[in-house]
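# Descriptive structure summary
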Amino acid sequence: MTKVLIVMPPHMGGGKLGGMFAAALGPGFDATPVEEPGADPEALREAEVIITALAPIGAEHIAAAEDLRLIQCASHGFDYVDTAAAAAKGVRVCNIGSTSAEAQDVAEQTMTLMLALAKQLIPGHEALREGDWALPRLQFSITELFGKTLGIVGFGAIGKQLARRARAFDMRIVVNTRTPVPVDVMNEYGVAARMELDDLLAESDYVSLQLPLTDATRHLVDERRLKLMKPTAILVNTSRGALVDQDALARALTDGRLGGAGLDVFDPEPPPADLPLLRAPNVALSPHAGGVTRESMLRIAQAALENVRRFAAGADPSDVVEG
C-alpha cells in the first residue's frame, strides 16, 4: 500500500478536490487529502508520494516526510516546490509538462484577456451596469488585434497554442526563446521572427509571458524592460506572477507609460486586497483560471494520477523536473 499525501489549498479547491483525487487513485493507495502539507503530521511523515496543486512544499516538509520518494505537481509549474531540498534527499519532482493538459486553456485565457483589453470590454460592461452608455467615451480607445504584433516570450506547448490562435486573428507573431526554433516549426505556427527579449518588448503591441518561474526568470519584466515597451502596448501574464515586477507594472499603468495589462497570475496568490496592481487603470484580471476548465481539470488529474500509479508500480515517472 503506497502512502500518498494530497495537498490541495483552499484557493485551488481544498479538501473537496483533494478527496476526489484520493478516490480516483484507486486500489493500492492509502491517500490522505489535506489543505496544507503540515495539517496532518503523521500523514506527512509516512508519505511516500506527495501530490500538490500549487501548495508550497518546502524543505521542512520534505525533511519531515521520512519515506518520501516522489512529489507530483498537478500543474505545468513546479516553482512552489523546493526542488533543491528534494534533490538533496533523492526525491523526484514531476510536473505534467509533456501532456499539454492545460496548454490550449491557457492559450484561450491569454486571447480572452487580449480581446477584453482591445475591445474595452470591462469598462463598457461596468458602465452599462451603472446606466452609462459609454460608447462616446470608449470608442477612440477600442482597437483590433488584426495586424498587431504579438510577442510571445517562451515557445513551449502553451506558446505554440497561443501562436496558432493569434495567427487566426491575422496577428504578426514574434517569439523569444532560449534555443533556436526550427524553420519548419516557425512556418507551422506563423512565426515571423525569433528576437532578443529587449527587441521583442520594444516592437510588440502585445506581449505574452509563457515561461516557468525560476531564479533566472523572476522579475524578468522589470522597471527597465517595461520602459522599453510602447506606451500603447499590452502586457499579458498567464504564467507566474513573479515573472513581473508587479509594483513597477502598477506604476507604468498609473503613469500612462503602458497601454494595459491582462493578468491571470499574481505574487502571492491569492493577492492581498491592497496590491496596487489590482487598482491600476486598464487591467483585465482573472483568478489564475487560465488552466482551469471542466475539461482541463480532468486531464490534469488524470495525468498526475497516472504518473503516480506508474511510479508506484516501479516504472520511471514522466516529466521529472530540475529546479
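The structure this text deals with has already been given above.
Criteria and cut-off values
- Residues numbered from 1 in each chain as written.
- Predicted model: local features only at pLDDT ≥ 70, side-chain atom pairs only at ≥ 80, totals over all residues.
- Heavy atoms only, no water.
- Pairing = 2+ DSSP bridges.
- Helix = DSSP H or I, 4+ residues; strand = E, 2+ residues; numbered from the N terminus.
- Axes fitted to C-alpha atoms, helices over the stretch in contact; angles between N-to-C directions.
- Contact = heavy atoms within 4.5 Å.
- Core = buried A, V, L, I, M, F, W, Y, C linked by side-chain atoms within 4.5 Å.
- Buried < 20%, exposed > 50% of the residue type's maximum accessible area, 1.4 Å probe, protein only.
- Salt bridge = Lys/Arg side-chain N within 4 Å of Asp/Glu carboxyl O.
- Parallel < 35°, antiparallel > 145°, perpendicular 65-115°, else oblique.
- Left-handed = near helix turned anticlockwise from the far one by under 90°.
- Nonpolar A, V, L, I, M, F, W, Y, C, P; charged D, E, K, R; others polar.
- Polar contact = N/O pair within 3.5 Å; in protein donor to acceptor, adjacent residues only side chain to side chain.
- Phe/Tyr/Trp six-rings, centres within 6.5 Å; stacked < 30°, edge-to-face > 60°.

## So, the sheet that holds strand S11 (residues 260–263)
- Reading across from one edge, S8-S7-S6-S9-S10-S11-S12 is the order of the seven strands in this open sheet, with parallel pairing throughout. Looking at which strands have only one partner, the edges of the open sheet turn out to be strand S8 (191–194) and strand S12 (283–285). Ignoring which end each strand starts from, the neighbouring axes of this sheet average 15° apart.
- Against the sheet, helix H12 (residues 246–254) touches strand S10 (234–237), S11 and S12, its axis set at about 140° to S11.

## Things to note about the nonpolar core
- Counting 32 residues, the largest nonpolar core has Leu235, Leu249 and Leu258 as the members making the most contacts within it.
- Not counting the four nearest positions on each side in its chain, Leu258 is found in contact with Leu226, Met229, Lys230, Pro231, Ala233, Leu235, Leu249, Ala252 and Leu253.
- Residues Phe155, Leu162, Met171 and Ala284 belong to the second largest nonpolar core, which totals 26 residues.

## Observations regarding the pattern of salt bridges
- Under the defined criterion, the tally for this structure stands at 16 salt bridges.
- The closest approach of N and O atoms between Asp198 and Arg224, which form a salt bridge, is 3.0 Å. Linking Asp198 in helix H10 (residues 197–203) with Arg224 in helix H11 (residues 223–228), this pair joins segments that are 26 residues apart in sequence.
- Residue Arg224 is classed as partly exposed on the basis of its relative accessible area, which comes to 43%.
- Between Arg251 and Glu223 there is a salt bridge, with its nearest N and O atoms 2.7 Å apart. Here Glu223 lies in helix H11 and Arg251 lies in helix H12, a separation of 28 residues in the sequence.

## What about the packing of helix H5 (residues 103–118) against helix H8 (residues 157–168)?
- Two numbers describe how H5 lies on H8: the axes approach to 8 Å, and their chain directions differ by 50°. The angle between H5 and H8 places the two elements in the oblique class. For the pair H5 and H8, the sense of crossing is right-handed. Seen from H5, the contacting residues are Ala103, Gln104, Val106, Ala107, Glu108, Thr110 and Met111; seen from H8, they are Ala157, Ile158, Gln161, Leu162, Arg165 and Ala166.
- Tallied by class, residues from the contact of H5 with H8 come to eight nonpolar, three polar and two charged.

## Points about the sheet that holds strand S5 (residues 92–94)
- Taking strand neighbours across the sheet as the criterion, the five strands line up as S2-S1-S3-S4-S5 in an open arrangement whose pairing is parallel. In this open sheet, the two edge strands, each paired with only one partner strand, are strand S2 (29–34) and S5. On average, each strand axis in the sheet is tilted by 15° relative to the strand beside it, whichever way the strands run.
- One ladder, built from three bridges, connects strand S4 (residues 70–73) with S5; its direction is parallel. Bridging from a neighbouring strand, Leu70 pairs with Arg92 of S5.
- Lying on the sheet, helix H13 (residues 294–312) is in contact with strand S1 (2–7), S2, strand S3 (49–52), S4 and S5; it crosses S4 at an angle near 165°.

## Here we look at the side chain of Thr52
- Locating Thr52 in the fold gives a position in strand S3.
- Separated by 2.8 Å, the side chain of Thr52 and the backbone oxygen of Ala55 make a polar contact.

## Focus: the packing of aromatic side chains
- Under the defined criterion, the tally for this structure stands at one aromatic pair.
- For the ring pair Phe155 and Tyr189, a centre distance of 6.0 Å and an interplane angle of 90° mean the geometry is edge-to-face. Taken together, the positions of Phe155 in the loop between strand S6 (149–153) and H8 and Tyr189 in the loop between helix H9 (183–188) and S8 put the pair 34 residues apart, joining distant regions of the chain. The burial state of Phe155 is the same as that of Tyr189; both residues are buried.

## Re unusual backbone geometry
- Cis geometry marks the peptide bond from Asp267 to Pro268, where omega comes out at 5°.
- Looking at the element boundaries, Pro268 is found in the loop between S11 and S12.
- Along the chain, Glu269 connects to Pro270 via a cis peptide bond; the corresponding omega equals -10°.
- Checked against the element boundaries, Pro270 lands in the loop between S11 and S12.
- Residues other than glycine seldom take positive phi values, yet His219 does so here, at roughly 55°.
- Following the sequence through the fold, His219 ends up in the loop between strand S9 (206–209) and H11.
- Of note in this structure, Asp319 is not a glycine but carries a positive phi near 60°.
- In this structure, Asp319 sits in the segment after H13.

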